[in-house]
Amino acid sequence: MATPGVRMRRLTRARTRTRAALICVLVLLAGQLVAATPARAANAGDLATVAGGPGANAKSATAIAMGARGLALNAAGTVLYVADIFANVVRSITLSTGLTSVIAGMGANNSNGDGGAATSAGINTPADLAVDAAGDLWIAAQLNNKIRKVTMSTGIMSSPISSGLNNPQGVAFNSSGDGFIADTYNGKVLKYSGGTVTTFASGLNRPSNIAFDSAGNVYVTDCQNHVVYRWTSAGASKTVVAGNSTLISGTAVDGVLATASGLNCPRGIVIDSSDVVYISDSANNRIRRFTVGGTISTIAGTGTAGMGGDGGAATSATLDHPTDLVEDASTGRFYVSQGGDQISDAGAKDWGVRSFIPGGNISTVGGNGWWGQSGDGGPATDAQLYRPGGVAFDSSNGLYIADTGNNLVRTVSAGVITTFAGTGLTGGTTATDGGAATSGNLSTPQDVAVDSGGAVYIADTGHHRIRRVSGGVIGTVAGTGTSGSTTTGVAATTLLSSPWGVSVTASGRIYIADTGNNRILMMNGTAISVVAGTGTSGYSGDGGAPTGAKLNGPRDVKVDEHSGDVYIADTGNHVVRRIRNGVITTVAGTGSSPLSDAGDGGLATAAVLDSPDGLETDADGNLYIADGDSTAAPYGGSVIRRVDKHGVIHHLAGKYNSYSWAGDGSAAAATSARIHTPGRMAFDSSGTLYFPNAGELRVRSIAVETGGAYFWVSDATAGATGVIYGWEFVARTGATIGSVTITVPAAASGSGLYLVSAVHLPKTGTVTLSGSTLTYTLSSPVTVPAGRHMYLSVAGFTNTASSNFYYSTITSRTSGGGGIDVSSSGAVYFSTASAVLVLPNPDATVTAPAQQVIYVDPFLRADTTLVSAVNVHTDATRGYSLTIAGTALTGTAGTLSAVSSGLASPASSFTAGHFGYTVGVSGAGSFAGTAGAYAGYTSAGETAVTATKPTTVGGDTVSVTNRLKVDHLQKAGVYTGTVTYRVTGSY
């Protein structure tokens, strides 16, 4: 088979007309432009957690963080169960040893796992716990809107009550075995008996917890009404037994009737065998006791928020928003969870479980005071993070983590985590400089970067500064600590507003996403300047100077070191922008509001993004996007996406519309795994991509092939025939290749397949298809060096299936040692609508009519033209050149000569018996010759059109006007010739 650009068709039958008309037939190449649609590259490795998680098992309960909310004791009083609302797990504390383990939940805020091991199930915000008569553990899973159950004998999770609930925060069982649920946001108390749920009481305002006295009366703490209610066991005669809705904060008076004292959001409740009622008077920071109709008193807490007083009298201790309360009836010891409403500095060190006997001393039995920070000095995967924001690597492959919610920067070296900077407290608006980094306060640091000298830069978001740690000492390099937008040209005096992203180039320039000011800044030494954004929120300016463009809350900025391009996560506009050669454009996203997975497998500029939060680039020109920081429905992201060098977007990891965690260790299912609000990313030296997941309290990684394989189709319409499939792949090591085996989509068939193009491989091989296995056998083996990119495209396929993603994988090669890229693959989305995405291979031909006929009457001395329209598409990053070659017209009576020797000597006028062409371009290209002048075709060919920029989405239209002039001396007949067009992408 002739290779593209050389194949030609000739007339085999002469055609005449009655008036002795001259018929000239230009036979044009019938090749087809190979349409490259490189979709998702598959994952070379699986997802893994590299830092963070729910915390350690079999470790001291006071050494880890516990967002303690609900509590329960086993029947023997030997094990305390703790609902950890931040880690989304239930922990057990063996009271005799003080050791803790996770007994339910994998640290994911989803509803999955029923029917399997409780430790592999997701739980979303466990708020309360209860143990039934069988010893099984029941969980009020607040944001699952379910009551979950762990059958303790088997460890299996189930959801006996899974519909109709709205943020349930309490669950309890009476002596008859009936369950009662505080259906908090529905303002109801429900009864669960014999597998049936009925409404026991309604019209409440945030009911929290439930208890029963010896007569079977039902008591409910109503947080927002600031009272404790009592019903009979039948649900009649509701009365207030403590609190007064007109007396709340500041009126926690003791020694008066319980109904005359103010309560402030009572939550936990216990009733002992003598019918004495104990409640956690949460916002009054006390544990109180009363009898119905009697007086009320405080048995723990001073009313001041805190976690002090261990070892002293419980009444002299500070409690901070105590929530749940349980009693060991055999000893009279109480356990109380605290810290449940606090997210401020004061509360940051107040999370835990306290223990006391009324009249005795108090101690801490669980939690280290923090809401989500532990593990320094131990394995990073055994540590706890809180809403990490960004990661970076130093030259030694040390990992730095912006532990945003903990107001720290942590570092991981050889798998061990330590605190690198920050005290954990923000210091209000004060950012302390000049001392040890671990003594300097940080405030919600969102990102971290490392320069070539090892200095670490921190986006100290809440302090409106960029901090720098060098030699263990922390200082400020940009910003004053006051939020503002003044740009002085000097970094130290320029005002920043909540900077989220910071990036350092190899040359030492520092780029800052000045999020609150809707701009991107660049530091060069101590000087600072605006590189993008007007400072006013909006979406405008594409195609112009970046400083004249409007951005909307940009959260990250990354510089591609290879191209010099600057990428901006324009978060509020749901797009990614790029600065190239002083011009800003949108390279991903449509600017529409968050939606779904729209656009994968197509041009990134036609895809829908959801508040992109982080960016990264690799050495091959691929752009990675942490897509999905929207916190309002419809949730669109929580995925990692990649825009390849052809401008096509792919789904790399995470499951759309599924905020949660799951999927570690599943290489084939990375795109089905759940991730939660990924942030600012970084590659390590091995090409593994690390991304923090704020909602997962983790940092995760995925090994990706940065030089991976890509898969193209010329027409992705389901059912399309005559489709060209193309592949790009790379030699990992020096390899001798005798054949290449490819697994094509099962949703494809092929008939009469033939090679269209081969780059860096021989063009004389043979193509065979057996089932889904395509084999290209070379005429003789060739050796390619490591890193060499190869291209192969084959025509004759049919897309046989319906709308969906379909994959093709480079599966093997034969001959020699080494290897080619066999682990990466691609996916194309076959659409039921038109889905043609035309992108050229480096060496490709253009679709043109097989033949065109010009009818000329010599007696009229005709001067006739015929226009051939050639449509050229390139990818989103490259231009092209178009070459035209042609032969003389020969036929009945000799040869019609070219009007000139080509573009080097175009002719402005014609004489009879000659022909030629001129070119016009609609789009990015330009004609290489003299405008308006006609060139003669040359057999060697010449570049007629060049384009340094990519075509538009619709492509460039190249109009080739063929001109022919004859007179009455020319004999009538059929004259044929061949014109060949060839497009070469500027790769």
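Since the structure is predicted, the reported quantities are computational estimates derived from the model, not experimental observations.

### Comments concerning the overall build of the protein
Step number 1: A tally of helices and strands in the protein yields one helix and 70 strands.
Step number 2: Accessible surface, the protein as shown: approximately 33400 Å² in total, 50% of it carbon and sulfur.

### Notes on the sheet that holds strand β33 (residues 456–460)
Step number 1: If you walk across this open sheet you meet the four strands as β32-β33-β34-β35, and the pairing is antiparallel. Where the open sheet ends on each side, the last strands, each with one partner, are β32 (447–450) and β35 (473–478). Averaged over all neighbouring strand pairs, the angle between strand axes comes to 25°, with direction disregarded.
Step number 2: In the sheet, strand β34 (residues 465–470) pairs with β35 via five bridges, with the strands oriented antiparallel. Within β35, the position partnered with I466 by the bridge is A478.

### A few points about the pattern of salt bridges
Step number 1: By the definition in use, this model includes 20 salt bridges.
Step number 2: Note that R410 and D376 form a salt bridge whose closest N and O atoms lie 3.0 Å from each other. Note that R410 is positioned in strand β30 (residues 408–413) and D376 in the loop between β27 (362–369) and β28 (391–393), a separation of 34 residues in sequence.
Step number 3: Between R555 and D613 there is a salt bridge whose closest N-O contact spans 3.0 Å. Note that R555 is positioned in the loop between β39 (527–532) and β40 (556–559) and D613 in the loop between β43 (583–588) and β44 (614–617), a separation of 58 residues in sequence.
Step number 4: Take R555: its relative accessible area is 18%, and that puts it in the buried class.
Step number 5: We classify D613 as buried; its relative accessible area is 3%.
Step number 6: Each member of the salt-bridge network shares a partner with another, and the members are D433, D460, R465 and R467.

### Topic: unusual backbone geometry
Step number 1: Phi at N397 takes a positive value of approximately 70°, unusual for a residue other than glycine.
Step number 2: With respect to the secondary-structure elements, N397 resides in the loop between β28 and β29 (399–403).
Step number 3: N397 gets classed as partly exposed once you look at its relative accessible area, which sits at 31%.
Step number 4: Of note in the backbone geometry, H464 takes a positive phi value of approximately 60° without being a glycine.
Step number 5: Inspection of the secondary structure assignment puts H464 in the loop between β33 and β34.

### Focus: the environment of D684
Step number 1: In this fold, D684 is placed in the loop between β48 (682–683) and β49 (688–693).
Step number 2: Judged by relative accessible area, D684 falls into the buried class, the value being 10%.
Step number 3: Excluding anything up to four places from it in sequence, D684 contacts F393, N397 and Y690.
Step number 4: In terms of polar contacts, D684 uses its side chain to reach the backbone amide nitrogen of T688, at 2.9 Å.

### A word on the packing of aromatic side chains
Step number 1: Going through the model one piece at a time under the given rule, you end up with 17 aromatic pairs.
Step number 2: Relative to F797, the ring of Y725 has its centre 4.2 Å away and its plane inclined at 5°; by these criteria the two rings are stacked. Pair noted here: Y725 is in strand β52 (residues 723–730) and F797 is in strand β57 (residues 789–799), with a separation of 72 residues, a long-range link.
Step number 3: A residue is classified by how much of its surface remains accessible, and Y725, at 0% relative accessible area, is buried.
Step number 4: Counting every residue linked through ring pairs, the aromatic cluster contains F180, F200, F212, Y229 and W231.
Step number 5: Across the ring face of Y229, the terminal group of K238 is positioned such that the distance to the ring centre comes to 4.6 Å.

### Description of the side chain of S92
Step number 1: With respect to the helices and strands, S92 occurs in strand β6 (residues 89–94).
Step number 2: By relative accessible area, S92 is classed as buried at 10%.
Step number 3: Residues contacting S92, with those up to four places away along its chain left out, are V79, L80, Y81, L99, T100, S101 and I103.

### Some words on the pairing of strand β17 (residues 218–222)
Step number 1: Among the five residues that make up β17, five are buried, leaving the element largely enclosed by the rest of the structure.
Step number 2: The alternating pattern of β17 places V218, V220 and D222 on one face and Y219 and T221 on the opposite face, and all of these are buried.
Step number 3: A loop of five residues connects strand β16 (residues 207–212) with β17, the two strands running antiparallel in sequence, and G216 in this loop sits at a positive phi of about 85°.
Step number 4: Taken together, the five bridges between β17 and strand β18 (residues 227–231) define a ladder with antiparallel strand orientation. Each residue of the ladder has a partner; that of T221, found in β18, is V228.
Step number 5: Remark: four residues form the turn of the hairpin made by β17 and β18, two consecutive strands paired antiparallel; H226 in that turn has positive phi of roughly 60°.

### Remarks on the environment of L774
Step number 1: Looking at the element boundaries, L774 is found in strand β56 (residues 773–784).
Step number 2: A residue is classified by how much of its surface remains accessible, and L774, at 1% relative accessible area, is buried.
Step number 3: In this structure the C-alpha to C-alpha distance between L774 and I742, which are 32 residues apart in sequence, comes to 5.1 Å.

### Description of the nonpolar core
The nonpolar side chains of a soluble globular protein tend to be buried with one another.
Step number 1: Y725, W727, F729, I742, L774 and F797 are the most contacted members of the largest nonpolar core, which totals 29 residues.
Step number 2: Apart from the residues within four sequence positions on either side, L774 is in contact with W727, V740, T741, I742, V744, L753, V767, T768, L769, V794 and F797.
Step number 3: Within the second largest apolar cluster, 24 residues are counted, among which are V872, I884, Y917 and V958.

### Regarding the state of the cysteines
Step number 1: All chains considered together, the criterion is met by one disulfide.
Step number 2: Residue C223 pairs covalently with C265 via a disulfide, S to S 1.8 Å. Across the S-S bond of C223 and C265 the torsion is about -95°, and the bridge reads as left-handed. With C223 in the loop between β17 and β18 and C265 in the loop between β19 (239–243) and β20 (266–271), this residue pair connects regions lying 42 residues apart in the sequence.

### Section: the pairing of β30
Step number 1: Of all six residues in β30, five are buried; the element is thus mostly enclosed.
Step number 2: Alignment of β29 against β30, held across five bridges, turns out to be antiparallel. From the neighbouring strand, L399 faces β30, where its bridge partner is V412.
Step number 3: Linkage of β29 to β30, two consecutive antiparallel strands, is achieved through a turn of four residues, within which N407 is found at a positive phi near 60°.
Step number 4: As defined by bridge partners, β30 adjoins strand β31 (residues 416–421) across five bridges and the pair is classed as antiparallel. Residue pairing for β31: V412 is matched across the bridge by I417.

### Topic: the sheet that holds β18
Step number 1: Spatially, four strands are ordered β16-β17-β18-β19 in an open sheet, and the strand pairing comes out antiparallel. Both outer strands of the open sheet, β16 and β19, are each paired with one neighbouring strand and no more. Here the average twist between neighbouring strands, direction ignored, is 25°.
Step number 2: Bridging between β16 and β17 involves five bridges; their strand directions are antiparallel. Counterpart to F212 in the pairing with β17 is V218.

### Some details on the confidence of the model for the protein
Step number 1: Looking at the protein as a whole, its pLDDT mean stands at 83, while 82% of the residues score no less than 70.
Step number 2: In this model, residues 1–22 is a region of pLDDT below 50 whose contacts with residues beyond four sequence positions or in other chains number 53 contacts.
Step number 3: pLDDT under 50 marks residues 26–45. Its contacts with residues more than four places away, or in other chains, come to 126 contacts.

### Here's the deal with the environment of S111
Step number 1: Mapped onto the secondary structure, S111 falls in the loop between β7 (99–104) and β8 (126–131).
Step number 2: When the C-alpha positions of S111 and S162 are compared, they lie 9.9 Å apart, and in sequence the two are 51 residues distant.
Step number 3: With near-sequence residues (within four places) excluded, S111 lies in contact with G122, N144, K146 and R148.
Step number 4: Side chain to side chain, S111 and N144 meet in a polar contact 2.8 Å long.

Parameters and conventions
Counting from 1, residues in each chain are numbered in the order their sequence is written. In view of the model being predicted, local features appear only for residues whose pLDDT reaches at least 70, and side-chain atom pairs are presented and counted only at 80 or more, with totals across whole chains, interfaces and linings using the full set of residues. Side-chain numbers here rest on the full set of heavy atoms in the structure, without hydrogens or water. Numbering goes from the N terminus for both helices and strands, where a helix is a DSSP run of H or I of at least four residues and a strand is a run of E of at least two. Only the protein chains shown count as covering a residue, and every accessible area follows the Shrake-Rupley method with a 1.4 Å probe. At least two DSSP bridges between two strands are needed for those strands to be called paired. What counts as an axis is a line fitted to C-alpha atoms, over the stretch in contact for a helix, and the angles between N-to-C directions run from 0 to 180 degrees. Counted as salt bridges are all cases of a side-chain nitrogen of Lys or Arg within 4 Å of a carboxyl oxygen of Asp or Glu. A 1.4 Å probe rolled over the protein chains alone gives each residue an accessible area, and that area as a share of the maximum for its type sets the label: buried under 20%, exposed over 50%, partly exposed in between. Should any heavy atoms of two residues lie within 4.5 Å, those residues are counted as being in contact. Each polar contact in these results corresponds to two N or O atoms within 3.5 Å; when the atoms are within protein, one needs to be able to donate a hydrogen and the other to accept it, and residues that are neighboring in sequence are counted only if both atoms are side-chain atoms. Ring pairs shown here join Phe, Tyr and Trp side chains whose ring centres sit within 6.5 Å, with only the six-membered ring taken for Trp; geometry is labelled stacked below 30 degrees between planes, edge-to-face above 60, and tilted in between. A ring is considered to have a charge above it if a Lys NZ or an Arg CZ atom is located within 6 Å of its centre and within 35 degrees of its normal. The term nonpolar core refers to a set of buried residues drawn from Ala, Val, Leu, Ile, Met, Phe, Trp, Tyr and Cys, joined through side-chain atoms within 4.5 Å. Pairs of cysteine sulfur atoms within 2.5 Å are what we label disulfides. Residue-level confidence of the predictor is summarised by pLDDT, bounded by 0 at the bottom and 100 at the top.

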